[in-house]
Amino acid sequence: MDNQEAEEMPSEDPVDSDNINMTEFSDEILLNILKFVPTHDVVLSVRRVCKKFANLCLDKSLVSTVRLTRDYQASDDKVKQMIREIASQIQVLSMSSCYWLSGPTVDQMSKCKSLVKLDLSGCRLTSLRLSKILSCLWALRSLAIDISHGFDSSQLSSESKATLSHLTELKQTLHTPSYGVVPCCTSLERLLLYFEIHNFSSFTTSCQLMVGQSSVPHYQSLRIFYSRLAPGYVNQVVMRLYLTVFSMRIPQNLQAFVISIPGNFPESGAAAKNLLEGMARNVALEALQLPKTWVDGSCLPHILKLSTPSYLNFSRCLVFGNQLVHDGKDLKSLVSLNLSGCVHCLSKDCSRKAEDDIDCDIVETLVNACPNIRHLNLSAAHHHSPSHSESHVCTILSKLKHLRSLALPVCTVSEEDKSSDQSPSNSLQPVANSAVTLGLIKSTRIGVKTYNPRNSSEQSGRDPPNSSFKVLLDSASLLEELELIGSSFSSSMPRNEPAIRKELPPCVRARQVGDEDMAAVGRLGLLQRLTLAQLPGIVNGAGLVQVGMKCQELQVLSLANLGMLKKVTYMPSLIETLKHCKQLKDFRLEQPYISANSQFFQALSHCPSLQRLCIISRHGTFQPDAVMSFMASCRDVIMCHMFTGETLVACRNLQQALLQSFQEERPALNVIVYPLLHEGLVNVIRDAPLVHLEEITLFKSRVAEDPPHLWW
């Protein structure tokens, strides 16, 4: 709506459409409807409809909390005008990851003098701009900001420091070595730190300055301490400076202590020892994650003894399942458990000859001790059900009736006796020609069974017994997120490093997981997020079509390295699948030799809700005209990342054409088209908005990654 329309008086007449008079609905019903409309549309458009809406749209329930996060249509003009209209009524304002909004728009936050919570993470913020905003927000108690290069705490005014001193919650993302505003926050109860430091030029000077201030942070009232580090030595060094205070004194009310570090974190000696001993003596933790090198089997039971945890994360740690349920420990309070990369977590010890075989008794004990788990991550390890055992890990996990998200290695799903039932003579089944299967029968796929849903549906009167995986899916009817990731899978585009040119071979058992198993995922009617990575047993991809047809709530789909890497045999099925994904918002596809042609992009055009697209393909190609047509037809797409085998010139030409054609009408548009194996890829990735990198472009397992309700 332009300014002229915005100034029009509300109509006296109610709005009628098809004999339905909206104004006859009760205020309660209308308010519940309007909660699903972006606040700027409520204030600037809906409020102009009639007199009843003019009053109703300013109701406290609609304007006291404003969330612009992921509202990609919120332009600078709309946000400024909205702030002018309702600035005095806003108490909670989230602009997290609104990277497209200009500095002058961010300045408008100083007019919202009733703010109690403000999230500006990912926004353009300088120390002077922050000082101006905070000087006017005396009631502020929760703040999220980025600390970027050039930040100078000495530029903060006394009024802004007074506001900071009353904060109880702070979320701070560091792009440069600094304490940021932490020294000014003397009343913190919740501290979240994200380390995204890549610039080494001022590293030595900045760290020397920080060491001189190492006694400044105030943690005595802290209840929640959370830190997540991007890869890089500099992040680890700065992180140690923040932890120095913990080695001297552990806050008495500490409830959550989470440190998430990729790779190995060097031992901190006395600091780590004092911290762990202090937590073991005095702290009843509800959430815990420690660096791999800190986890000591002897101290872990003591820490858990005083705790009633709801979140535990031992990713890549040497932890055994019997340590978690030590002395019959009751873990009924546990809601989220992350054991990704814990090779022996489901074994009694690591001295067994068959190290990949799990101990079903340990799994059974763990499941019985944690009956209320909602989020479980067992990825990045080989968890094989023993061939001599009558139990299968999936059957045991089916006892968890409250699961909402689950991450498993692909080899865990396989039935050990599948391979023994197959022989080269019956492994290849003739499949009727169709748009999905035409030309996909490959005589080289010896030992892999071809799945055809038509043949499965024609079987009558003799249903085969359900596999253990199907038993698990039937019991987890409330599952909203599922990840099946190969144990040795590694994305071609790791963070801060050159692209990986060669993949590790998949687990032998993973080859027995194929299209029929993928079709079973279609039983999850509430599924919203699905990740499939390194499934070499996929032949024609017919199982994906079943997922697209039956999982109508699917919003996020990530596929990587399915079937043979040099021949994308499942592409016809993927094209058919996309035509059914009406709710799909994020789509990530990583596969060598992808041909992103007109057929592919026409199928994507059937996804009306699509907002973000990421294609990663070594030796892959694209058709520029097809990309342009797709972007023109899908007007909600605001992120297009394509890393292929095309030349740098071709990539730059397409990126420039996309930005010139669509940037004006899509203020949040972010386009990166770049050769995957080019040496400049690392620098290009660093300039991308962090929200897109973290959520879609960079591959990682996201189940049980963070404690529930970490931030508002």
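Residues numbered from 1 in each chain as written. Predicted model: local features only at pLDDT ≥ 70, side-chain atom pairs only at ≥ 80, totals over all residues. Heavy atoms only, no water.

**Student:** Where do I start with the overall build of the protein in this structure?
**Tutor:** Secondary structure summary: the protein contains 28 helices and 24 strands in total. Here the protein, with 712 residues, has 55% of them falling under the buried criterion. When contacts within the protein are restricted to residue pairs at least 6 apart in sequence, long-range pairs at least 24 apart make up 77% of them. Accessible surface, the protein as shown: approximately 30,200 Å² in total, 49% of it carbon and sulfur. (Helix = DSSP H or I, 4+ residues; strand = E, 2+ residues; numbered from the N terminus. Buried < 20%, exposed > 50% of the residue type's maximum accessible area, 1.4 Å probe, protein only. Contact = heavy atoms within 4.5 Å. Areas by Shrake-Rupley, 256 points an atom, 1.4 Å probe, with all protein chains shown as cover.)

**Student:** Help me out: how do you make sense of the nonpolar core in this one?
**Tutor:** Burial of nonpolar side chains together is a common tendency in soluble globular proteins. Ranked by internal contacts, the top residues of the largest apolar core, which has 206 residues, are Phe225, Phe257, Phe587, Phe600 and Phe601. Leaving out residues up to four positions away in the same chain, phenylalanine 225 has contacts with Leu191, Leu193, Tyr219, Met239, Leu243, Phe246, Leu254, Ala256, Phe257, Val258 and Ile259. Ile224, Ala256, Ala287 and Trp711 belong to the second largest nonpolar core, which has 11 residues in total. (Core = buried A, V, L, I, M, F, W, Y, C linked by side-chain atoms within 4.5 Å.)

**Student:** When you look at the confidence of the model for the protein in this model, what are you seeing that I'm missing?
**Tutor:** Low pLDDT marks stretches whose predicted atomic positions should not be read closely. Per-chain confidence: the protein averages 86 in pLDDT, with 83% of residues scoring 70 or above. Every residue in residues 1-9 is under pLDDT 50, and counting partners more than four places away or in other chains gives nine contacts. Contacts of residues 458-463 to residues separated by more than four positions or lying in other chains number one contact, the stretch itself having pLDDT below 50. (pLDDT = per-residue confidence, 0-100.)

**Student:** Any chance you could explain the packing of aromatic side chains here in plain terms?
**Tutor:** The description of an aromatic ring pair rests on the distance of the ring centres and on the angle between the ring planes. Per the counting criterion, the structure on display carries 14 aromatic pairs. For the pair phenylalanine 600 and phenylalanine 601, a centre-to-centre distance of 5.2 Å together with 80° between the ring planes defines the contact as edge-to-face. There is no split in this pair, since phenylalanine 600 and phenylalanine 601 are both buried. (Phe/Tyr/Trp six-rings, centres within 6.5 Å; stacked < 30°, edge-to-face > 60°.)

**Student:** I'm lost on the pattern of salt bridges in this one. Help?
**Tutor:** One side chain can pair with another of opposite charge once the charged atoms of both are near each other. Applying the stated criterion across every chain, the model contains 21 salt bridges. Residue arginine 70 pairs with glutamate 695 through a salt bridge whose shortest N-O separation is 2.2 Å. You can see arginine 70 sitting in the loop between β3 (65-67) and α6 (76-86) and its partner glutamate 695 sitting in helix α28 (residues 690-697), a full 625 residues away along the chain. Given a relative accessible area of 44%, arginine 70 falls into the partly exposed group. Measuring nitrogen to oxygen at the nearest pair gives 3.4 Å for the salt bridge that ties arginine 223 to glutamate 189. Of this pair, arginine 223 sits in the loop between α10 (203-212) and β9 (224-229) while glutamate 189 sits in the loop between β7 (169-174) and β8 (190-195), and the two are 34 residues apart along the sequence. Members of the salt-bridge network, linked through shared partners, are Glu196, Arg228, Arg495, Glu694, Lys700, Glu705 and Asp706. (Salt bridge = Lys/Arg side-chain N within 4 Å of Asp/Glu carboxyl O.)

**Student:** I'm lost on the environment of glycine 620 in this one. Help?
**Tutor:** Looking at the secondary structure, you find glycine 620 in the loop between β21 (612-616) and β22 (621-622). On the accessibility criterion, glycine 620 (1% relative accessible area) is buried. For the pair glycine 620 and phenylalanine 643, spaced 23 residues apart in sequence, the C-alpha separation works out to 8.3 Å. With near-sequence residues (within four places) excluded, glycine 620 lies in contact with Tyr593, Ile594, Thr644, Gly645 and Glu646.

**Student:** Would you take a moment to explain helix α23 (residues 571-578) for this structure?
**Tutor:** Residue pairs three or four apart in sequence face the same way in an α-helix, which turns once every 3.6 residues. Of all eight residues that make up α23, six are buried, and the element is covered over most of its length. All of the buried residues along α23 are Met571, Ser573, Leu574, Ile575, Thr577 and Leu578. For α23, the elements touching its buried residues are α22 (542-550), β18 (556-562), β19 (586-590) and α24 (598-604).

**Student:** Is there a simple way to explain the packing of helix α25 (residues 624-633) against helix α26 (residues 648-662) in this structure?
**Tutor:** Running from N to C, α25 and α26 point in directions that differ by 25°, and their axes come no closer than 11 Å. As summarised for this structure, α25 and α26 are arranged roughly parallel, according to the angle between their axes. Classified by chirality, the crossing of α26 by α25 is right-handed. Taken together, the residues of α26 that come into contact with α25 (itself represented by Pro624, Val627, Met628, Met631 and Ala632) are Leu654, Ala657, Leu658, Ser661 and Phe662. Residues that form the contact of α25 with α26 fall into these classes: nine nonpolar, one polar and no charged. (Axes fitted to C-alpha atoms, helices over the stretch in contact; angles between N-to-C directions. Parallel < 35°, antiparallel > 145°, perpendicular 65-115°, else oblique. Left-handed = near helix turned anticlockwise from the far one by under 90°. Nonpolar A, V, L, I, M, F, W, Y, C, P; charged D, E, K, R; others polar.)

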